[in-house]
Amino acid sequence: MSGLESLYQELILDHAKNRRGFGLAGSDADATSHQRNPICGDEITVRVRMEGDRVASLTWEGAGCSISQASASMLAELAAEGLDRTGAERLIEGFREAMRSKGTLELDEEEFGDATALSGVSKYTARVKCAMLSWVAFEDALRRS
Ligand code: ZN
């Protein structure tokens, strides 16, 4: 394992253990979305609150494998930095493109922060759904909000 790969591994484990944005706080959300990945048994509910065009908060709850949990935590961290609707949609699209790239596209650290650590997941088709789950939930919640 290269230095970078072990750093990524550590980031994934850290996020899976200390899940950022975990807990569906309050009842003032604009939209929630529940998504399941039956292949792996992951379940995630994302709750989004909008303030005008801005994503004011993204919280989530769920259970599943380290990749699904870490990915949701990384997404929550990104959302906490402040996103507008267009920026969020672009982020989701960029993440999906990288996850479908079978290892040919690396996520850009400037844009994706800790989620960059998930770049390698795209080489393992069976795990792509795990990484995508919270992002799909976020996309769905955005559409409903
Ligand atoms: Zn999984």
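Above this text you will find the structure in question.
Let me begin by describing the structure that accompanies this report. Since the structure is predicted, the reported quantities are computational estimates derived from the model, not experimental observations. (Residues numbered from 1 in each chain as written. Predicted model: local features only at pLDDT ≥ 70, side-chain atom pairs only at ≥ 80, totals over all residues. Heavy atoms only, no water.)

## Concerning the pattern of salt bridges
Stage number 1. Evaluation of the coordinates by the stated rule reveals eight salt bridges.
Stage number 2. A salt bridge links E77 to R20, with the nearest nitrogen and oxygen atoms 3.3 Å apart. Here R20 lies in the loop between α1 (3-17) and β1 (31-37) and E77 lies in helix α2 (residues 66-80), a separation of 57 residues in the sequence.
Stage number 3. Of the charged contacts, one joins R54 and E51 as a salt bridge, the two residues approaching to 2.9 Å between their closest N and O atoms. (Salt bridge = Lys/Arg side-chain N within 4 Å of Asp/Glu carboxyl O. Helix = DSSP H or I, 4+ residues; strand = E, 2+ residues; numbered from the N terminus.)

## Here we look at a negative patch on the surface
Stage number 1. Together, D108, E109, E110 and E111 make up a negatively charged patch on the protein surface.
Stage number 2. Among the structural elements, E110 can be located in helix α4 (residues 109-112). (Patch = residues over 30% accessible without salt bridge, like charges linked within 9 Å, V, L, I, M, F, W, Y side chains within 5 Å. Areas by Shrake-Rupley, 256 points an atom, 1.4 Å probe, with all protein chains shown as cover. Lys, Arg positive; Asp, Glu negative; His and termini not counted. Charge placed at Lys NZ, Arg CZ, Asp CG, Glu CD.)

## Quick word on the packing of α1 against α2
Stage number 1. Across the interface, α1 lies against α2 with an axial gap of 7 Å and an inter-helix angle of 85°. Accordingly, the angle class assigned to the pair α1 and α2 is roughly perpendicular. Taking contact as the criterion, the partners of L11, I12, L13, H15 and A16 in α1 are, on α2, S66, Q69, A70, S73, M74 and E77.
Stage number 2. Considering only residue class, the contact of α1 with α2 consists of six nonpolar, four polar and one charged. (Axes fitted to C-alpha atoms, helices over the stretch in contact; angles between N-to-C directions. Parallel < 35°, antiparallel > 145°, perpendicular 65-115°, else oblique. Contact = heavy atoms within 4.5 Å. Nonpolar A, V, L, I, M, F, W, Y, C, P; charged D, E, K, R; others polar.)

## A few points about the packing of aromatic side chains
Stage number 1. All chains considered together, the criterion is met by four aromatic pairs.
Stage number 2. Considering the side-chain rings of F22 and W60, the 4.9 Å spacing of their centres and the 90° angle between planes classify their relative orientation as edge-to-face. Here F22, found in the loop between α1 and β1, pairs with W60, found in strand β3 (residues 54-63); they are 38 residues apart in sequence, far enough to count as distant.
Stage number 3. Judged by its relative accessible area of 36%, F22 falls in the partly exposed class.
Stage number 4. The interplanar angle of 5° and the centroid separation of 3.8 Å between the aromatic rings of F95 and W135 together place this pair among those described as stacked. Pair noted here: F95 is in helix α3 (residues 85-99) and W135 is in helix α5 (residues 125-144), with a separation of 40 residues, a long-range link. (Phe/Tyr/Trp six-rings, centres within 6.5 Å; stacked < 30°, edge-to-face > 60°. Buried < 20%, exposed > 50% of the residue type's maximum accessible area, 1.4 Å probe, protein only.)

## Remarks on α5
Stage number 1. With 20 residues, α5 extends 29 Å from end C-alpha to end C-alpha; this agrees with the ideal 28 Å at 1.5 Å per step.
Stage number 2. The axis of α5 is deflected most strongly, by about 45°, at M132. (Expected span 1.5 Å × (residues − 1). Bend = angle between axes of the 7 residues up to and from the residue.)

## Some thoughts on the packing of α3 against α5
Stage number 1. Where α3 contacts α5, the axes come no closer than 10 Å and their chain directions differ by 155°. When the axes of α3 and α5 are compared, the pair comes out roughly antiparallel. The way α3 lies across α5 gives a crossing that is left-handed. Residues R85, A88, E89, L91, I92, E93, F95, R96 and M99 of α3 form the contact with α5, whose own contacting residues are V128, A131, M132, W135, V136, F138, E139 and L142.
Stage number 2. Here the residues of the contact of α3 with α5 sort into twelve nonpolar, no polar and five charged. (Left-handed = near helix turned anticlockwise from the far one by under 90°.)

## Some remarks on the sheet that holds strand β4 (residues 83-84)
Stage number 1. Read from one edge to the other, the open sheet built from four strands follows the order β1-β2-β3-β4, with strand pairing classed as antiparallel. Whereas interior strands pair on both sides, the edge strands pair on one side only; in this sheet they are β1 and β4.
Stage number 2. Alignment of strand β2 (residues 42-51) against β3, held across nine bridges, turns out to be antiparallel. Bridge pairing in β3 links E43 to A63.
Stage number 3. Packed on one face of the sheet, α5 meets β1, β2, β3 and β4 and runs near 155° to β1. (Pairing = 2+ DSSP bridges.)

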